[in-house]
Amino acid sequence: MRLRSRSRTYAVLLALLLLYWVISLHQLDVTPPVYEDEPWQASTGWKLAADGVFGSDMFSGFYGMESRYYGFLPVFPLLLAGTFRLIGLGLYQARLVAVVMGLFTLVLTYSLGNRLFRPSVGLLAVILMLFLRLTVASRYQGTGILALDFARIARYDAVVPVFGLASLHAYRAASLRRS
């Protein structure tokens, strides 16, 4: 009986993740309009992919920013650089990184809820993230659902919950081993 319940939970989780994936990839390079931060954040990823330099040609001549950039940490540009090298430069490719980070956030959220409580709690957390409207719909937030709207904008914010949730998993594992 328990095995059937667990497999049903995994089937629902997989369906929710697939729904997120389909919704997030649909017209990714069209909706929402280009956000103000996306070009200059993508420029650091492109400079890293093309020249191996963490800088931005958009700010050439401004205190040497074409050769070094200190506006944000390099994790997101590193992911962008890898994506640009693999599948090319473009808005779709830049936003794809954020969508993948959103998928990791959902999986890690489920996993943490499952680990701390039980599978149904993790599933409830994912359901709330995908269906709970927390803001008013606007030009850049078409649905008001944060997990869907912010995953469609190529910003470094998409990486933050992934590392936060991963660190909670690491803490939980260490505390169980008392290390």
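Data block above holds the structure.
Throughout what follows, the structure given in this document is the object of discussion. Note that the coordinates shown come from a computational prediction; the quantities given were computed from them, not determined experimentally.

### Side note on helix H2 (residues 38-51)
Link 1 in the chain: Helix length check: H2 (14 residues) gives 20 Å between terminal C-alpha atoms against 20 Å at 1.5 Å per residue, within 8%.
Link 2 in the chain: Of all 14 residues making up H2, 10 are buried, and the element is well covered by its neighbours.
Link 3 in the chain: Along H2, the residues classified as buried are Glu38, Trp40, Gln41, Ala42, Ser43, Thr44, Gly45, Lys47, Leu48 and Ala49.
Link 4 in the chain: Tucked into the core, H2 has its buried residues touching helix H3 (75-87) and helix H4 (91-116).
Link 5 in the chain: A positive phi of about 70 degrees marks Gly52, the residue just after H2.

### What to know about the pattern of salt bridges
Link 1 in the chain: All told, the structure shown has 5 salt bridges when counted by the stated rule.
Link 2 in the chain: The network of salt bridges with common partners includes Asp37, Arg155 and Asp157.

### Some points on the environment of Thr105
Link 1 in the chain: By secondary structure assignment, the location of Thr105 is in helix H4.
Link 2 in the chain: Residue classification places Thr105 among the buried positions, given a relative accessible area of 8%.
Link 3 in the chain: When the C-alpha positions of Thr105 and Leu19 are compared, they lie 15 Å apart, and in sequence the two are 86 residues distant.
Link 4 in the chain: Excluding residues that lie within four positions of it along the chain, Thr105 makes contacts with Met129, Ala158, Pro161, Val162 and Leu165.

### Digging into the nonpolar core
Link 1 in the chain: Core analysis: the biggest nonpolar cluster contains 23 residues, and Tyr69, Phe76, Leu80 and Phe84 have the highest contact counts within it.
Link 2 in the chain: Elements supplying a minimum of two residues to this core: H2, H3, H4 and helix H7 (160-177).
Link 3 in the chain: Of the residues forming this core, the biggest block, 6 residues, is contributed by H4.
Link 4 in the chain: Counting 16 residues, the second-largest nonpolar core is a separate cluster that includes Leu17, Val99, Val126 and Leu130.

### A closer look at the packing of aromatic side chains
Link 1 in the chain: As enumerated under the stated definition, the model contains 10 aromatic pairs in all.
Link 2 in the chain: Summarising the aromatic geometry, the rings of Phe54 and Tyr69 are spaced 6.3 Å apart at their centres and angled 85 degrees between planes, so their arrangement reads as edge-to-face. Separated by 15 residues along the polypeptide, Phe54 in the loop between H2 and H3 and Tyr69 in the loop between H2 and H3 bring together distant segments of the chain. The two residues Phe54 and Tyr69 agree in class, both being buried.
Link 3 in the chain: Look at Phe62 and Tyr63: their rings are 5.0 Å apart centre to centre, the planes differ by 75 degrees, and that puts the pair in the edge-to-face class.
Link 4 in the chain: By relative accessible area, which is 48% here, Phe62 ends up partly exposed.

Reading the values: the criteria
- The residue numbers shown here count from 1 along each chain, following its written sequence.
- Predicted model: local features are reported for residues with pLDDT of at least 70 only, side-chain atom pairs are reported and counted for 80 or more only, and whole-chain, interface and lining totals are derived from all residues.
- Hydrogens are left out, water is left out, and the side-chain values use all remaining heavy atoms of the structure.
- A run of H or I in DSSP becomes a helix once it reaches four residues, and a run of E becomes a strand once it reaches two; helices and strands are each numbered from the N terminus.
- For a helix, the expected span equals 1.5 Å multiplied by the residue count minus one.
- Think of it in three bands: residues with accessible area under 20% of the maximum for their type are buried, residues over 50% are exposed, and the middle band is partly exposed, with areas taken using a 1.4 Å probe on protein chains only.
- Note on definitions: a residue-residue contact is assigned when non-hydrogen atoms from the two residues lie within 4.5 Å.
- Put simply, a salt bridge is a Lys or Arg side-chain nitrogen that is within 4 Å of an Asp or Glu carboxyl oxygen.
- Residues belong to one nonpolar core when they are buried, are Ala, Val, Leu, Ile, Met, Phe, Trp, Tyr or Cys, and are joined through side-chain atoms within 4.5 Å.
- Each aromatic pair joins two rings of Phe, Tyr and Trp (for Trp, the six-membered one) with centres within 6.5 Å, and gets the label stacked for planes under 30 degrees apart, edge-to-face for over 60, and tilted for any other angle.

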